[in-house]
Amino acid sequence: MEGVVKFIFGISGNVIALFLFLSPVPTFWRIIRRRSTEDFSGVPYSMTLLNCLLSAWYGLPFVSPNNILVSTINGAGAAIETVYVVIFLVFASSRRTRMRMLGLASAVAAVFAAVALVSMLALQGQRRKLLCGIAATVCSICMYGSPLSIMRLVVKTKSVEYMPFLLSLAVFLCGTSWFVYGLLGRDPFVAIPNGCGSFLGAVQLILYAIYRNSGSKAGAGRGGKQHASGGDGDDDVEMASDAKSSNKVAHDVEGAGKDDRLV
């Protein structure tokens, strides 16, 4: 019975994680249409690719038995993220951006190759599982921690405009599904990082509940102040400042990545 429950949570984790992997599609469709990466950051996609590669490797039978569902979804995620990285390289807005992304992609390939080769040629059994598990866990925790900048912006601006509810809910459900999967399989390398993801997803939902109506009130307050002042020069400066701040917030959020995701 425990095995059946574990399988169900693994399947649900696969489905939700796939949604998270595909969530940046609108961003990349925009990049393709405009033939430029503009100010988008490629770092989150490179880091997600590394996480998927390490997690998929960890889930393989000769590294960690009975974790094939971990390999299937992360293998799919690695393929999707590879497409994102290639698109970013092809449509990079400048030569400097392309070279930086190429350097990141090379570093990702080097780290994964090093872990895979050392685990296969120098280690066996539990020692192999330990190395691959630690590498995948560290990468997953870093990925789950990436939305901290978004949560800080929510608290600072008292607005959830840049933290979509469905994405936060998916992060919570994905982390919870894989956390339970790891617990049932008595696998700390699956349970620990996804427990962190479940917790951070819950924090995002709590922040959403607290600030979901604050953004509109703040906007109304700014609009009312402008109307009452008669539109003098000081208000023009304030409006310009607000516009710059909004653009900065949007840029920061795009750089932080979606992903928030994963196994």
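The preceding data block contains the structure.
An account of the accompanying structure is given in this report.

About the cut-offs
- Residues numbered from 1 in each chain as written.
- Predicted model: local features only at pLDDT ≥ 70, side-chain atom pairs only at ≥ 80, totals over all residues.
- Heavy atoms only, no water.
- Phe/Tyr/Trp six-rings, centres within 6.5 Å; stacked < 30°, edge-to-face > 60°.
- Helix = DSSP H or I, 4+ residues; strand = E, 2+ residues; numbered from the N terminus.
- Buried < 20%, exposed > 50% of the residue type's maximum accessible area, 1.4 Å probe, protein only.
- Lys NZ or Arg CZ within 6 Å of the ring centre and 35° of its normal.
- Axes fitted to C-alpha atoms, helices over the stretch in contact; angles between N-to-C directions.
- Parallel < 35°, antiparallel > 145°, perpendicular 65-115°, else oblique.
- Contact = heavy atoms within 4.5 Å.
- Nonpolar A, V, L, I, M, F, W, Y, C, P; charged D, E, K, R; others polar.

## Some details on the packing of aromatic side chains
Then, in step 1: One pass over the structure, following the stated rule, counts eight aromatic pairs.
Then, in step 2: Their ring planes at 75 degrees and their centres at 5.8 Å tell us that Tyr-45 and Tyr-84 sit as a pair that is edge-to-face. On the criterion of sequence distance, the pair formed by Tyr-45 in helix α3 (residues 43-58) and Tyr-84 in helix α4 (residues 68-90) is long-range, its members being 39 residues apart.
Then, in step 3: The exposure class assigned to Tyr-45 is buried, which follows from its relative accessible area of 2%.
Then, in step 4: Site record: aromatic cluster; members linked through ring pairs are Phe-28, Tyr-45 and Tyr-84.
Then, in step 5: The aromatic ring of Tyr-181 is capped on one face by Lys-6, whose charged end is 5.0 Å from the ring centroid.

## Things to note about the packing of helix α1 (residues 2-22) against α4
Then, in step 1: At a minimum axis distance of 9 Å, the contact between α1 and α4 shows a crossing angle of 5 degrees. Taken together, α1 and α4 sit at an angle that is classed as roughly parallel. Note on element contacts: α4 touches α1 through Leu-69, Thr-72, Ile-73, Asn-74, Gly-77, Ile-80, Glu-81 and Tyr-84, opposite Phe-7, Gly-10, Ile-11, Asn-14, Ala-17, Leu-18, Phe-21 and Leu-22.
Then, in step 2: Partitioned by chemical class, the residues of the contact of α1 with α4 number 10 nonpolar, five polar and one charged.

Purely geometric stuff here, so don't read any function into it on its own.
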